[in-house]
Amino acid sequence: MPKKIIQNFNIEFLSILDENGKADSKLMPKLSNNDIKLMYELMKKTRIFDEKALKLQREGRLGTYASSLGQEAAQIGSAYALDKEDFIFPSFREQGVYLLRGMPIDQYLAYWRGDERGMYSTKKVNMFTVTIPVGTHMLHAAGFGWASKIKKESRVVVTYFGDGATSEGDFHEAMNFASVFEIPLIFICQNNQYAISVPVSKQTKSATIAQKAIAYGMYGIKVDGNDVFAMYKSTKEAVERAKKGKPTLIEAFTYRRNDHTTSDDAKKYRNDKELKQWDKKDPIERLKKYMITKKLWTKEYEEELDRKFNDEMDEAIKKMESIEDPKKEDILNYVYAELDENLKEQKEELK
Amino acid sequence: MKANLVQAINMALNQEMSKDKSVILLGEDIGIDGGVFRVTEGLYQKYKDRVFDTPLAESGIVGTSIGLALNGLKPVAEIQFEGFIMPALDQLISHASRIRNRSRGAFSVPIVIRSPIGGGIHALEHHSDSPETYFVHTPGLKVVIPSRPYDAKGLLISAIRDPDPVIFFEPKKIYRAFKEEVPEKEYTIPLGKANIIQEGDDLTIITYGSWVRETLKAVEGLKYSIEIIDLRTLKPLDVKTIIDSVSRTGRCVIVHEAPKTLGLAAEIIAIINEKALLSLQAPIERVTGYDTIVPLPKLEDYYMPNTERIKKSIEKVMNF
Ligand SMILES: Cc1ncc(C[n+]2csc(CCOP(=O)(O)OP(=O)(O)O)c2C)c(N)n1
């Protein structure tokens, strides 16, 4: 018996909008001018949120914060392809997704200021809370999607995570469950090429993250994460696949242009040259170039957006800072549905 | 030299690595970055082939540490924050702690797991916890929490040389809080030996980690003669020092940041009950974190023990 090849695999890379703002018309997804403008606006809004949050942190008005600079297309392009009822499990860098979903900005900021109440509204926008332990929440997403399937809901579940998270065992268990139980789930890995100081080349020897899907009998695709159209299209297709019980892994190839968080100093482990290269691939600039050729962008429009989003942010910051402080008893009130005798006693002590 | 906690730990790692080629370091961001708290700063440059940035996988870090140790190396693994040790609990509780027993001594697991611990730095969720009880509760693990740079160096060297798995928790709040004289020469502090920080006859306060300093602050200016014990090692516990002291003073307050239920204080009270009950002149008080999730920064201070709560407990015990 000769040795023979019994399985063959290919991994596709999808890119539609190039760095000069030229779109491949054959691949271009169906999007109205209004859709395109909305996506642009959401990306701008995310960028402005990020700038303001970083500034607040520097001024001591916010706690540790993880910037989304450079990842706006990966977030907005994908989340824009979802229905309101679709449910999202983010990690901790998904500002864009929260904003798109209409999470109240003052509350989202309050969370990063160290106030648990800031997470309360997540449920109303069909999103889960921020999850800090890397890689753990994909299993929750799998369970959520599994329930949707058991309950015969038509919604799809999406989870966002980083390249580092793909090293955790939970990630692999989540993909396996999703595939085995035919769960309507989309895994979106924002491969921003770093997990704090560790480059993706030291994280995995897989040539792509997308191909990790193959091992679980899932479809995986690598996408230009700085191309909002490619992100939209690949997610839209994944939604269709999910509805047939076929989960997808999307690797959004992008770059974390800021420090890991405000507690990090990326100069220790990466050079300016690399950073500059990615500055040039800015996802917002790229879409803007496209819009200019389509006459969807003017200077006045841009100024108007800047004004609008800056005002909105300033308003939200004011609101966040004028919220009354949480009650100290709150530290005990949410441990269980009801306080047990022990906690009642501790509550007395706390007074 | 004058060193803070970070520098003292770095010194211990450096000295043990230069002396013993079987000592290796592994963990997330411990290489070029020097660790998120810079504890391993410079060690990658010096010992390139023995310092490893691992993939982001705590179970992987601890599980492979076990294998490395089984094959003769002495891994000192860093878990970036105590909150992220949880994925590795399976490896610690199901294996690291049991292998000596399972193999009737044929195999052993001389690993050290270093991790920052505790709150007080206004961090994100899972960055301020005090999970020491899980490990103290696990037969086969040793647990160390230094309270000062001098001890940290001597204890870490002992931990690295110890034949069994040691969880070495570093109170992150005092990583850079103060410096003290830390000899450059090599020295060890035995595991399982508490330190009497201050002698006294009226009352014994038992604490560890960052709460040693807070306790010292709390007793400043009080009219009682107070003995303060810094446990340094939580497992094995220095029962003799505790019992000798409490038998003499007859009064005791225990301070820790971990939640109250099944916190270390509960065990210490039980031991005192067993061995020195009749010396007690007042019920023992404990000042601990509440039985809840450590709050985010806005409410974090309410969770923590503090000098006021310590003082209140002292008065209660003294005026019983
Ligand atoms: C289980 C766990 N281990 C370690 C950490 C500390 N930590 C926070 S973010 C991070 C890197 C995450 O990298 P990646 O998954 O690529 O996401 P990115 O931050 O790049 O978006 C690490 C190690 C954590 N939060 N959770």
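What comes next concerns the included structure. Only a predicted model underlies this, so the values are computations on that prediction, with no experimental measurement involved.

Reading the values: the criteria
Residues numbered from 1 in each chain as written. Chains lettered and ligands numbered in written order. Predicted model: local features only at pLDDT ≥ 70, side-chain atom pairs only at ≥ 80, totals over all residues. Heavy atoms only, no water. Helix = DSSP H or I, 4+ residues; strand = E, 2+ residues; numbered from the N terminus. Rg over C-alpha atoms; globule rule 2.2 N^0.38 Å. Buried < 20%, exposed > 50% of the residue type's maximum accessible area, 1.4 Å probe, protein only. Contact = heavy atoms within 4.5 Å. Areas by Shrake-Rupley, 256 points an atom, 1.4 Å probe, with all protein chains shown as cover. Lys, Arg positive; Asp, Glu negative; His and termini not counted. Charge placed at Lys NZ, Arg CZ, Asp CG, Glu CD. Buried area = accessible area lost by both parts, 1.4 Å probe. Salt bridge = Lys/Arg side-chain N within 4 Å of Asp/Glu carboxyl O. Polar contact = N/O pair within 3.5 Å; in protein donor to acceptor, adjacent residues only side chain to side chain. Nonpolar A, V, L, I, M, F, W, Y, C, P; charged D, E, K, R; others polar. Phe/Tyr/Trp six-rings, centres within 6.5 Å; stacked < 30°, edge-to-face > 60°. Near = heavy atom within 4 Å. Pairing = 2+ DSSP bridges. Axes fitted to C-alpha atoms, helices over the stretch in contact; angles between N-to-C directions. Right-handed = clockwise from strand over helix to strand, strands pointing away. Left-handed = near helix turned anticlockwise from the far one by under 90°. Parallel < 35°, antiparallel > 145°, perpendicular 65-115°, else oblique.

Turning to the overall build of chain A, a few remarks are in order. Secondary structure assignment for chain A yields 13 helices and eight strands. A compact globule built from 351 residues would reach a C-alpha radius of gyration of about 20 Å, and chain A, at 21 Å, matches this within 12%. Principal-axis analysis of the C-alpha atoms places the extent of chain A at approximately 75 × 60 × 45 Å. Residues counted as buried form 55% of the 351 residues belonging to chain A. At a minimum sequence separation of 6, the contacts of chain A that also span at least 24 residues come to 75%. For chain A, the computed accessible surface area is about 16500 Å², with 51% contributed by carbon and sulfur atoms. Placing the 58 positive and 56 negative side-chain charges of chain A at their respective mean positions leaves the two points 6 Å apart.

Now for the interface of chain A and chain B. Many structure descriptions define interface size as the accessible area lost when the parts assemble. Opposite the 37 residues of chain A that make contact, chain B presents 33 residues. Between chain A and chain B, the buried area comes to about 3100 Å², and carbon and sulfur atoms account for 58% of it. Looking only at chain A, the three residues that lose the most surface to chain B are A:Ile132, A:Lys268 and A:Ile331, adding up to 19% of its buried area. Applying the counting rule to chain A against chain B returns three salt bridges. We note a salt bridge from A:Lys202 to B:Asp53, for which the minimum N-O separation is 3.6 Å. The interface formed by chain A and chain B holds ten residue pairs in polar contact (both at pLDDT 80 or more) in total. At the level of elements, α4 (105–112), α7 (200–203), α12 (330–333) and α13 (341–350) of chain A are the ones that each hand at least two residues to the side of chain A that touches chain B. Looking at side-chain class alone, the side of chain A that touches chain B contains 16 nonpolar, eight polar and 13 charged residues.

The relative placement of two aromatic rings is captured by the distance of their centres and the angle of their planes. All names here are of chain B. Per the counting criterion, the structure on display carries 29 aromatic pairs over all chains. Centroid distance Tyr150 to Tyr187: 4.6 Å. Interplanar angle 15°. Geometry classified as stacked. Of this pair, Tyr150 sits in helix α7 (residues 149–161) while Tyr187 is found in the loop between β8 (180–181) and β9 (195–198), placing the two residues 37 residues apart along the sequence. For Tyr150, a relative accessible area of 31% translates into the label partly exposed.

Not every one of the 20 residues close to the ligand is listed here, only the nearest: A:Arg93, A:Val134, A:Gly164, A:Tyr194 and B:Glu58. Looking at what sits near the ligand, you find residues from chains A and B. Side-chain polar atom of A:Arg93 to an oxygen atom of the ligand: 2.6 Å apart, as the coordinates give it. Contacts to the ligand include A:Asp163, whose side-chain N or O atom sits 3.1 Å from an oxygen atom. Contact with the protein chains removes 96% of the 580 Å² of surface that the ligand exposes when unbound. Its residues placed into classes, the shell around the ligand shows ten nonpolar, five polar and five charged.

Next up on the list: the sheet that holds strand β1 (residues 13–14) of chain A. Sheet strands pair by backbone hydrogen bonding; their relative direction is either parallel or antiparallel. Residue and element names in this part refer to chain A. In spatial order, the strands read β1-β7-β8-β4-β3-β2; together these six strands make up an open sheet with parallel pairing. Strand pairing shows two members of the sheet lacking a second neighbour, β1 and β2 (87–89), which therefore form its edges. As defined by bridge partners, strand β4 (residues 185–191) adjoins strand β8 (residues 248–253) across six bridges and the pair is classed as parallel. Counted as the bridge partner of Asn191 is Phe253 from β8. Contacting β3 (157–162), β4 and β8, helix α2 (residues 72–79) crosses the sheet at an angle of about 170° to β3.

Another point: the pairing of strand β7 (residues 166–171) of chain B. Residues and elements named next belong to chain B. Of all the six residues making up β7, six are buried; the element is thus mostly covered by neighbouring parts of the structure. Side-chain alternation along β7 places Val166, Phe168 and Glu170 on one buried face and Ile167, Phe169 and Pro171 on a second face that is also buried. Pairing analysis gives six bridges linking strand β5 (residues 112–117) to β7, with the strands arranged parallel. Bridge assignment links Ile113 to a residue of β7, and that residue is Ile167. Both strand β6 (residues 142–144) and β7 contribute to a ladder of three bridges, which runs parallel. Counterpart to Val143 in the pairing with β7 is Ile167. Between the parallel elements β6 and β7, the chain passes through α7 in a crossover that is right-handed.

A separate point is the sheet that holds β9(B). All names here are of chain B. Strand order in the open sheet made by the five strands is β9-β11-β10-β13-β14, with mixed pairing throughout. With partners counted over all chains shown, the strands left at the sheet margins are β9 and β14 (285–289), one partner each. Between one strand axis and the next, the sheet turns by 25° as a mean value, whatever way the strands run. As defined by bridge partners, strand β10 (residues 203–207) adjoins strand β13 (residues 252–259) across three bridges and the pair is classed as parallel. Counterpart to Ile205 in the pairing with β13 is Val253.

So, on to the environment of A:Gly135. Locating A:Gly135 in the fold gives a position in the loop between α4 and α5 (137–150). It is 9.5 Å that separates the C-alpha atoms of A:Gly135 and A:Ala174, two residues lying 39 residues apart in sequence.

Residues and elements named next belong to chain A. At a minimum axis separation of 7 Å, α2 and helix α8 (residues 228–243) run at an interaxial angle of 40°. Where α2 crosses over α8, the two elements pack in a sense that is right-handed. Contacts from Ala73, Ala74, Gly77 and Ser78 of α2 reach α8 at Val228, Met231, Tyr232 and Thr235. Broken down by class, the residue content of the contact of α2 with α8 amounts to five nonpolar, three polar and no charged.

Bringing the packing of helix α3 (residues 58–70) of chain B against helix α4 (residues 89–96) of chain B into the picture now. All names here are of chain B. For the pair α3 and α4, interaxial distance at closest approach is 8 Å and the crossing angle is 25°. One way to sum up the angle between α3 and α4 is to call them roughly parallel. Contact with α3, carried on its side by Ser59, Val62, Gly63 and Ile66, involves Gln91, Leu92, His95 and Ala96 of α4 and no other residues of that element. Each residue belonging to the contact of α3 with α4 can be placed in one class, and the counts come to four nonpolar, four polar and no charged.

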